[in-house]
Amino acid sequence: MRPDQISDDKIDALSKVPLATLPFWVVKILATTLGETGGDALSMTMKLGYAVSSVIFVAIFGVTLAAQLKSRHYHPVFYWAVVVATTTVGTTTSDYFDRTLGLGYIKSSVILFCAVLAVLAMWRRSTGAIAVDHITKRSDETFYWLTILASNTLGTALGDFVATSTGLGFERGALVFAGLIALVALAHFFTKTSTSVLFWIAYVLTRPLGATLGDTLTKPVADGGLNLGRIASSLVMAGAMVVLVAVTSLRRRPSIAPA
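This section reports on the structure supplied with the text. (Residues numbered from 1 in each chain as written. Predicted model: local features only at pLDDT ≥ 70, side-chain atom pairs only at ≥ 80, totals over all residues. Heavy atoms only, no water.)

A look at the packing of helix α2 (residues 22-45) against helix α9 (residues 230-247)
Just so we agree on the cut-off: Orientation is described by axes fitted as lines to C-alpha atoms, over the contacting stretch for helices, and by angles from 0 to 180 degrees between their N-to-C directions. For helices the rule is a DSSP run of H or I covering at least 4 residues; for strands it is a run of E covering at least 2, with both sets numbered from the N terminus onward. Should an angle fall under 35 degrees it is taken as roughly parallel, and over 145 as roughly antiparallel, whereas 65 to 115 is taken as roughly perpendicular and any remaining angle as oblique. Put simply, a crossing is left-handed when the front helix is turned counterclockwise from the back one by less than a right angle, and right-handed when it is turned clockwise. Any two residues whose heavy atoms approach within 4.5 Å at even a single point are treated as in contact. For this classification, Asp, Glu, Lys and Arg are treated as charged, while Ala, Val, Leu, Ile, Met, Phe, Trp, Tyr, Cys and Pro are nonpolar and the rest, including Gly, are polar.
Interaxial distance between α2 and α9 falls to 8 Å at its minimum, and their mutual angle equals 155°. As judged from the angle between their axes, α2 and α9 are roughly antiparallel. For the crossing formed where α2 meets α9, the hand is left-handed. Contacts from Val26, Val27, Leu30, Ala31, Thr33, Leu34, Thr37, Gly38, Asp40, Ala41, Met44 and Thr45 of α2 reach α9 at Arg230, Ile231, Ser233, Ser234, Met237, Ala238, Ala240, Met241, Leu244 and Val245. Tallied by class, residues from the contact of α2 with α9 come to 14 nonpolar, six polar and two charged.

Take a look at the structure:
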């Protein structure tokens, strides 16, 4: 085995995030859908409101992030718990901005888009590069999670804007975002566009896709949904995530190959 290949294997084994493979994106979409249904379950079904729900989810995010940062390698439970936490925070925080503060979907989307760009710019300025699925340094990991938190909040506002403000509805809104993700995939395979750029575009787009899918499942039939119930839908999404992580490559990073 070549020395450079051994080095790459060690980086893979030490990285604290999973490889961005097809199972990764499937579970990510499930996580964003769970974030939508779970966030709405707390703020609407349990009637805690957006502000109180956001405080609760921020606390959960803090606990899960602390466990993730403390781990020395990729741990699927810690990693995906933080992802789900960011999606629930994104759901209730975005709704608080849009509805309680009255900013509206467009203003919120613009502000959050600028926040994502600002975090990515600071990341590149601080470390010299924007990582995707090789995260071994604390600085990269910190920026990684800040970007995810901002992008999931942005995605919630985008999903609500496309589904509600444009009049497309939840199902057609989901098709729009699924189509955009497909275009990003084509760009990955057939163009020389930066992998980091495409990864974060896709990461942002999976959030509104999950938001519109979640609303399709839980909204009343009169509003274009299936009225399946937020708590039941959340449990189904969580179960599907557990199964997929357990049976796919997401359960672990590649081990260090022997010399």
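Section: the pattern of salt bridges
Operational definition: Salt-bridge detection follows one rule: a side-chain nitrogen of Lys or Arg within 4 Å of a carboxyl oxygen of Asp or Glu. Whether a residue is buried, partly exposed or exposed follows from its accessible area with a 1.4 Å probe, protein chains only, as a fraction of its type maximum: under 20%, in between, or over 50%, in that order.
Counted according to the given criterion, the structure contains four salt bridges. Arg207 serves as the salt-bridge partner of Glu36, at 3.2 Å between the closest nitrogen and oxygen. In this pair, Glu36 is assigned in helix α2 and Arg207 in helix α8 (residues 195-218), connecting sequence segments 171 residues apart. Each member of the pair, Glu36 as well as Arg207, carries the same accessibility label: buried. Of the charged contacts in the structure, one is a salt bridge between Arg99 and Asp160, with a shortest N-O distance of 3.8 Å.

What to know about helix α5 (residues 104-127)
For an α-helix the count is 3.6 residues per turn, leaving residues at separations of three or four pointing the same way. Stated formally: Expected helix span is taken as 1.5 Å per residue step, with the number of steps being one fewer than the number of residues.
For α5, with 24 residues, the first-to-last C-alpha span of 35 Å sits near the 34 Å given by 1.5 Å per residue. Of the positions making up α5, those classed as buried are Tyr105, Ser108, Ser109, Leu112, Val116, Val119, Leu120 and Trp123. Against α4 (76-100), α6 (138-165) and α8 lie the buried residues of α5. Backbone geometry just downstream of α5 places Gly128 in the positive-phi region, at approximately 90°.

Overview of α8
For α8, which comprises 24 residues, the first-to-last C-alpha distance of 34 Å matches the rise-based estimate of 34 Å (1.5 Å per residue) to within 8%. Counting buried positions along α8 yields 20 of 24 residues, so the element is predominantly enclosed.

A look at the environment of Gly173
Mapped onto the fold, Gly173 is located in helix α7 (residues 169-190). Taking the C-alpha atoms as reference points, Gly173 and Thr21, separated by 152 residues in sequence, lie 25 Å from one another. If we ignore the near neighbours within four places in the chain, the residues touching Gly173 are Val162, Leu168 and Thr212.

Side note on the packing of helix α3 (residues 49-70) against α4
Closest axis-to-axis distance for the α3/α4 pair is 8 Å, and the angle between their directions is 155°. When the interaxial angle is binned, α3 and α4 end up roughly antiparallel. Judged by the sense of rotation from one axis to the other, the crossing of α3 with α4 is left-handed. Here the contact of α3 with α4 is built from residues that sort into 15 nonpolar, nine polar and two charged.

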